[in-house]
Amino acid sequence: MADPAEHRPAEEEEEAAAAGEDEDTGAQVAPIVKLEEVAVTTGEEDEDVLLDMKAKLYRFDKEGNQWKERGTGTVKLLKHKETAKVRLVMRQAKTLKICANHLVVATTKMQEHAGSDKSCVWHALDFADGELKEEMFAIRFGSVENCKKFKDIVEEIAEQQGKTEEKENEEASTAADLVQKLTVTEASKEETAEKEEAPASDDKKDAKD
């Protein structure tokens, strides 16, 4: 008589095999490749964040005479800890690709865009593409409040940069005047010394005669 175990359904054999595969043997398998943590630098380590907001950025295409979207992401105003210069940086949300990167200078002026109180327009020498280019940007925020806050802070920074430039120019002018006065004084001293030496030479000559 045949053994009933020989005629077990195929499903039961598969379940038994699966149970054997899932059985924990207690063995530990070491990973083939060990991944080490890598420090990622963004270039923003020496800067303080003055503003951090979500927005959509556009760039005006002069050749096509139309606005083109540069990306949706986070716009930041970053102040350098040593130089105190402030730059505007914006990265796309998913790729983190830089779509705007330029200094906020004394001539930076924000203007309302096409009558929209959620958008503003400005010109800048931008470095997002790896070279300085004159660009016209438009930025749109999710609320009127965010747009106003962005505009007010940028204009405040531009005004402060203007005062800093004036102070630096005054200091440079003062230093130049001081150098010029010192130069004139030194020249006068040399001229006086030459005049004093001249009679002495004539006296020696008379004595020999």
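Refer to the structure printed above.
Report on the accompanying structure. This is a predicted model, so every value here is computed, not measured. The residue numbers shown here count from 1 along each chain, following its written sequence. Only residues with pLDDT of at least 70 are given local features in this predicted model, and only at 80 or more are side-chain atom pairs given and counted; all residues enter the totals for whole chains, interfaces and linings. Derived side-chain values reflect all non-hydrogen atoms in the structure, with water molecules and hydrogen atoms excluded from consideration.

Observations concerning the sheet that holds strand E2 (residues 66-80)
Note: strands within a sheet are paired through backbone hydrogen bonds, in either parallel or antiparallel orientation. Strands sit in the order E4-E3-E2-E1-E7-E6-E5 across an open sheet of seven strands; the sheet is antiparallel. Here the strands that pair on one side only, and so sit at the sheet edges, are strand E4 (98-103) and strand E5 (111-113). Across the sheet, the mean angle separating the axes of adjacent strands is 35 degrees when strand polarity is ignored. Pairing between strands is defined by DSSP: at least two bridges between them are needed. By definition, any uninterrupted DSSP run of H or I lasting at least four residues is a helix, any uninterrupted run of E lasting at least two residues is a strand, and each is numbered from the N terminus. When strand E1 (residues 47-61) meets E2, the two strands line up antiparallel, connected through 14 bridges. Axis lines are fitted through C-alpha atoms, for helices just across the contact stretch, and the angle between N-to-C directions can take any value from 0 to 180 degrees.

Comments concerning the side chain of Arg70
Mapped onto the secondary structure, Arg70 falls in strand E2. Separated by 3.1 Å, the side chain of Arg70 and the backbone oxygen of Cys99 make a polar contact. Any two residues whose heavy atoms approach within 4.5 Å are treated as being in contact. With sequence-adjacent residues up to four places away left out, Arg70 is seen in contact with Leu57, Tyr58, Arg59, Gln92, Cys99, Ala128 and Asp129. We define a polar contact as two N or O atoms separated by no more than 3.5 Å, with the added condition that, inside protein, one atom must be a possible hydrogen donor and the other a possible acceptor, whereas residues neighbouring each other in sequence contribute only through side-chain atom pairs.

With respect to the nonpolar core
As used here, the term nonpolar core means buried Ala, Val, Leu, Ile, Met, Phe, Trp, Tyr and Cys residues forming a set that is joined through side-chain atoms within 4.5 Å. Whether a residue is buried, partly exposed or exposed follows from its accessible area with a 1.4 Å probe, protein chains only, as a fraction of its type maximum: under 20%, in between, or over 50%, in that order. Grouped together as the largest cluster of nonpolar side chains are 25 residues, with contacts concentrated most on Val75, Leu77, Trp122, Ile139 and Phe150. Breaking this core down by element, the ones donating at least two residues are E1, E2, strand E3 (86-92), E4, strand E6 (116-126), strand E7 (133-140) and helix H2 (144-208). The greatest single-element share of this core, amounting to six residues, is contributed by H2. With sequence-adjacent residues up to four places away left out, Leu77 is seen in contact with Asp48, Val49, Leu50, Leu51, Val86, Arg87, Leu88, Val104, Ile153, Val154 and Ile157.

Side note on the packing of aromatic side chains
For Phe, Tyr and Trp, rings pair up if their centres lie within 6.5 Å, where Trp contributes its six-membered ring, and each pair is then called stacked (planes under 30 degrees apart), edge-to-face (over 60) or tilted (otherwise). Scanning the entire structure with this criterion turns up four aromatic pairs. Arranged with centres 5.1 Å apart and planes meeting at 45 degrees, the rings of Phe141 and Phe150 form a pair that is tilted. Assigned by exposure class, Phe141 and Phe150 land together as buried. One aromatic cluster in this structure is built from Trp122, Phe137, Phe141 and Phe150.

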